[in-house]
Amino acid sequence: MAEEKRKTPKLDELEKGAWPSFVKEIKSAAEKNPMANDLLGQLERSYEEKIGHWKHGGIVGVLGYGGGVIGRYSDLPEEFPNVSHFHTIRINQPAGWFYTSDVLRKLCDIWERHGSGLTNMHGSTGDMIFLGTKTDELEPTFSELTELGFDLGGSGSDVRTPSCCCGKARCEWACYDTMALTYFLTMHYQDELHRPAFPYKWKFKMSGCPNDCVASVARADMSIIGTWRDDIQIDKKAVTEYAESGLNIQRDVVGNCPSKCMEWDGKELKIDNKACVKCMHCINAMPKALAPGKDRGACILIGAKAPIVEGALLSSVLVPFIKLEPPYNELIDLVDKIHEVWSENGKNRERVGEFIQRVGMGNFLEAIGVEPVPEMVAHPRENPYVFYEEYFEEDDEGSGEQEEDK
């Protein structure tokens, strides 16, 4: 039996204009789903009172899993009973977000049977997001998802669902196989993904080249960004064709190089590869003429996050270059050392980037056994009164010699 449609004059305003409206989609779902109908009512109330009426319910688990379901409860359960529980389910997406239309239909069918029918493709973590169901529907939903071949994603203080760009599947600039690494990390860290045991969340994001199409440098605790360490490949004939077709190479390519490592004399393009910072601008501007070098791998960065506690952080270089090929032992050893040090010493709800800020990069590197390199330096130090371990060691040796002379 269909329920009476909620009156939503304030939400109706959001349907006006040229852009698609989420209100229109919720109204469409509300035609046959009482949860979506009550959602409209509660949302309208929030707009009227300028108060959010959702209570955060922490993590709601399914059998054997501590992560994957985000608890949501209404603080107006008597007035909007169909959204008294409105839990969000994260579903581990396929690497690169490749789906068949048949699988998408089956996923939507599962959600219409057990939830509100509302989805978010995709959340910032990368997962498919199923928005809104009751506690009693969690186990049946999980059962049908696993039968279809899908698993719950991460939520809470655990490894969040690893995500990546399409990599070598569709992009000629990919410097390593992002999808293969994403699948490997997802399988390797199953326990850490489903059973929260860290101080706070940990995100892997894989980008195949410095274009960083998944914005890992701004959002991931560990950004793995493809790069190369030999010379940019140049097709001289194609460069000439770009010039003859009207591209102003001096202004639009050479003039925009951040490290000023390029020269163009009207006939030949020269690149000082030792000064190149791998920004990809020239390659993006002339994709038929330039390409990443052949000696390809990745740069590993650490510590990005959104502004929740102490403001946003961009990730910092940790390993300037690493070959990423199965079985990925070098990468796993590094990650496990970081997890051990952070889990042992991190504060509650302290991301690894905040932890590094608190203890200092030098102490962090020493704890995980990584030697400092120039690529880690974001800018020259501002405090000249910095002493190195070698300074104190030499001083101690000198003191000993003076004692002997006495």
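Undergrad: Go over the overall build of the chain with me, naming the residues and quoting the values.
TA: Counting its regular elements, the chain contains 15 helices and 14 strands. If one aligns the C-alpha atoms of the chain with their principal axes, the spans along those axes are about 90 × 75 × 40 Å. Taking contacts inside the chain between residues at least 6 apart in sequence as the whole, the part at least 24 apart equals 65%. For the chain, the accessible area works out to roughly 22,100 Å², and carbon and sulfur atoms hold 51% of it. Within the chain, the 66 negative side-chain charges are centred at a point lying 9 Å from the centre of the 46 positive side-chain charges.

Undergrad: Describe the pattern of salt bridges, listing the residues and the values that go with them.
TA: Evaluation of the coordinates by the stated rule reveals 19 salt bridges. The residue Arg-6 makes a salt bridge to Asp-38 at a minimum N-O spacing of 2.8 Å. Here Arg-6 is found in the segment before α1 (9-13), whereas its partner Asp-38 is found in helix α3 (residues 34-49), with 32 residues between them in sequence. Residue classification places Asp-38 among the buried positions, given a relative accessible area of 1%. One salt bridge in this structure joins Asp-12 and Lys-27, with 2.5 Å as the shortest N-O distance.

Undergrad: Account for a nonpolar patch on the surface, with residues named and values stated.
TA: Judged by side-chain polarity, Leu-14, Phe-22 and Tyr-47 come together as a nonpolar surface patch covering roughly 270 Å² of accessible area. Within the fold, Phe-22 resides in helix α2 (residues 22-30). Residue Phe-22 is classed as partly exposed on the basis of its relative accessible area of 43%.

Undergrad: Can you break down a negative patch on the surface residue by residue, with the values?
TA: Side chains of Glu-330, Asp-333, Asp-336, Glu-340 and Glu-344 sit close together on the surface and give a patch of like negative charge. Looking at the element boundaries, Glu-340 is found in helix α12 (residues 329-345). With a relative accessible area of 59%, Glu-340 lands in the exposed category.

Undergrad: Can you break down the pairing of strand β4 (residues 118-121) residue by residue, with the values?
TA: Where β4 meets strand β5 (residues 128-131), four bridges bridge the pair, whose relative direction is antiparallel. Bridged to Met-121 within β5 is Met-128. Between the antiparallel neighbours β4 and β5 lie six residues, among them Gly-126 with a positive phi of about 120°.

Undergrad: Tell me about the side chain of Thr-186, residues and numbers included.
TA: Here Thr-186 is to be found in helix α6 (residues 178-188). For Thr-186, the contacting residues outside a window of four places in its chain are Asn-92, Pro-162 and Leu-193.

Undergrad: Can you explain the nonpolar core? Please cite residues and give values.
TA: Core analysis: the largest hydrophobic core is formed by 36 residues, its most contacted members being Trp-202, Met-222 and Ile-338. Residue assignment for this core shows that the elements contributing at least two residues are α6, β7 (204-207), β8 (222-228), β13 (296-302), β14 (316-322), α12, α13 (352-359) and α14 (361-368). When residues in this core are grouped by element, the largest group, seven residues, is from α12. Residues contacting Trp-202, with those up to four places away along its chain left out, are Asp-158, Val-159, Arg-160, Asp-221, Met-222, Ile-302, Val-335, Ile-338, His-339, Trp-342 and Val-352. Counting residues in hydrophobic clusters, the runner-up holds 25 residues, among them Tyr-242, Cys-257, Met-262 and Ile-283.

Undergrad: Could you give an account of the sheet that holds β7, naming the residues involved and the relevant values?
TA: The strand order across the open sheet built from five strands is β6-β7-β8-β13-β14, with neighbouring strands paired in mixed fashion. A strand with exactly one partner marks an edge of an open sheet, and here the two such strands are β6 (163-164) and β14. By the bridge criterion, seven bridges tie β8 to β13 in an arrangement that is antiparallel. Looking across to β13, one finds that Ile-225 is bridged to Cys-299.

Conventions and cut-offs
Residues numbered from 1 in each chain as written. Predicted model: local features only at pLDDT ≥ 70, side-chain atom pairs only at ≥ 80, totals over all residues. Heavy atoms only, no water. Helix = DSSP H or I, 4+ residues; strand = E, 2+ residues; numbered from the N terminus. Contact = heavy atoms within 4.5 Å. Areas by Shrake-Rupley, 256 points an atom, 1.4 Å probe, with all protein chains shown as cover. Lys, Arg positive; Asp, Glu negative; His and termini not counted. Charge placed at Lys NZ, Arg CZ, Asp CG, Glu CD. Salt bridge = Lys/Arg side-chain N within 4 Å of Asp/Glu carboxyl O. Buried < 20%, exposed > 50% of the residue type's maximum accessible area, 1.4 Å probe, protein only. Patch = residues over 30% accessible without salt bridge, like charges linked within 9 Å, V, L, I, M, F, W, Y side chains within 5 Å. Pairing = 2+ DSSP bridges. Core = buried A, V, L, I, M, F, W, Y, C linked by side-chain atoms within 4.5 Å.

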